[in-house]
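For reference, the chains in residue letters:
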Amino acid sequence: MITKYRTENLDSCVSLLIESYNCEPWNDCWTPVTARKYLEEFAEARRFIGFLFWDGNEIIGVAFSHERTWMDSSELYIDEFYISPHHQRMGIGKKLMRALEDYAVENGCESIALVTDKDKPAFEFYKEFGLSSSRHTVFMFKSELN
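Conventions we followed
- Residues numbered from 1 in each chain as written.
- Predicted model: local features only at pLDDT ≥ 70, side-chain atom pairs only at ≥ 80, totals over all residues.
- Heavy atoms only, no water.
- Salt bridge = Lys/Arg side-chain N within 4 Å of Asp/Glu carboxyl O.
- Core = buried A, V, L, I, M, F, W, Y, C linked by side-chain atoms within 4.5 Å.
- Buried < 20%, exposed > 50% of the residue type's maximum accessible area, 1.4 Å probe, protein only.
- Helix = DSSP H or I, 4+ residues; strand = E, 2+ residues; numbered from the N terminus.
- Contact = heavy atoms within 4.5 Å.
- Pairing = 2+ DSSP bridges.
- Axes fitted to C-alpha atoms, helices over the stretch in contact; angles between N-to-C directions.

Chemist: How do you make sense of the pattern of salt bridges when you look at a structure like this?
Modeler: Pairing between side chains of opposite charge can happen when their charged atoms approach one another. Under the criterion given, the structure shown has five salt bridges. For Glu 75, the salt bridge identified is with Arg 68, shortest N-O distance 2.6 Å. Here the salt bridges share partners, and the residues they tie into one network are Asp 11, Arg 36 and Glu 40.

Quick look at the structure:
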């Protein structure tokens, strides 16, 4: 079952983020404190919308996004999207993506955008939904600041 995110779901979303990203292929180092702060920042956005995939009483999929103005329309920007490692490749991600697409259409968003790593399975997953790499933009960062 898919529901909209509610504040009381934050603890479960934090735990699932840690479970999802502190293992292969991401190998991140999230802590409960940093994961909570990270997700709260998204959930506090003015035009935030989040969807949760439930298996009984357990959240096994999370999609955090927000609408943002883009030229003469709005787009839905996916901030965070993750599925329990034990429930991947079972169609849950596809159902969450369809919920995001349905929301975008119902709310007049002209496009969906996100950032992901090209060398991770998520890249191919998003391509299946018609998302493609931009020909004219690139995500850039500097990680070693002195």
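Next comes the rest of the write-up.
Chemist: It is not clear to me how the nonpolar core should be interpreted in this structure. Could you clarify?
Modeler: Most often, soluble globular proteins keep nonpolar side chains buried together rather than apart. Core analysis: the biggest nonpolar cluster contains 19 residues, and Phe 51, Ala 63, Leu 76, Phe 81, Leu 96, Met 97 and Leu 100 have the highest contact counts within it. Only strand E2 (48-55), strand E3 (58-70), strand E4 (73-83) and helix H3 (92-106) provide two or more residues apiece to this core. Of the residues forming this core, the biggest block, seven residues, is contributed by H3. Among all residues touching Leu 96, those that are not within four sequence positions of it are Ile 2, Phe 51, Leu 52, Phe 53, Gly 61, Val 62, Ala 63, Phe 81 and Ile 83.

Chemist: Just checking my understanding: could you explain unusual backbone geometry for this structure?
Modeler: Here the bond from Glu 24 into Pro 25 is cis, since omega is 0°, no more than 30 degrees from zero. Mapped onto the secondary structure, Pro 25 falls in the loop between helix H1 (10-21) and helix H2 (32-43). In this structure, Asn 27 takes a positive phi of about 55° despite not being glycine. With respect to the helices and strands, Asn 27 occurs in the loop between H1 and H2. One non-glycine residue, Met 71, adopts positive backbone phi at about 50°. Relative to the helices and strands, Met 71 resides in the loop between E3 and E4. Judged by its relative accessible area of 73%, Met 71 falls in the exposed class.

Chemist: For this particular structure, what's the right way to read the sheet that holds E3?
Modeler: Strands pair in a sheet through their backbones, by hydrogen bonds, and they do so in one of two ways: parallel or antiparallel. Taking strand neighbours across the sheet as the criterion, the five strands line up as E1-E2-E3-E4-E5 in an open arrangement whose pairing is mixed. Here the strands that pair on one side only, and so sit at the sheet edges, are strand E1 (2-4) and strand E5 (109-114). Each adjacent strand pair in this sheet contributes to an overall mean axis angle of 25°, direction not counted. Across eight bridges, the pairing between E2 and E3 is antiparallel. Paired with Trp 54 across the two strands is Ile 59, which belongs to E3. Against the sheet, H2 engages E2, E3 and E4, with an angle of about 155° to E4. Each of E1, E2, E3, E4 and E5 is contacted by H3, which is oriented at about 160° to E4, the strand it contacts most.

Chemist: Help me understand the pairing of E2, please; the structure alone is not making it clear to me.
Modeler: A regular strand places its side chains on the two faces of the sheet in alternate fashion. Most of E2 is tucked away: seven of the eight residues are buried. With three bridges connecting them, E1 and E2 associate as antiparallel partners. Residue Ile 2 lies in a different strand from E2, and its bridge partner there is Phe 53. The antiparallel pairing of E2 with E3 creates a hairpin that spans two residues between the two strands, and Gly 56 there sits at a positive phi of about 65°.

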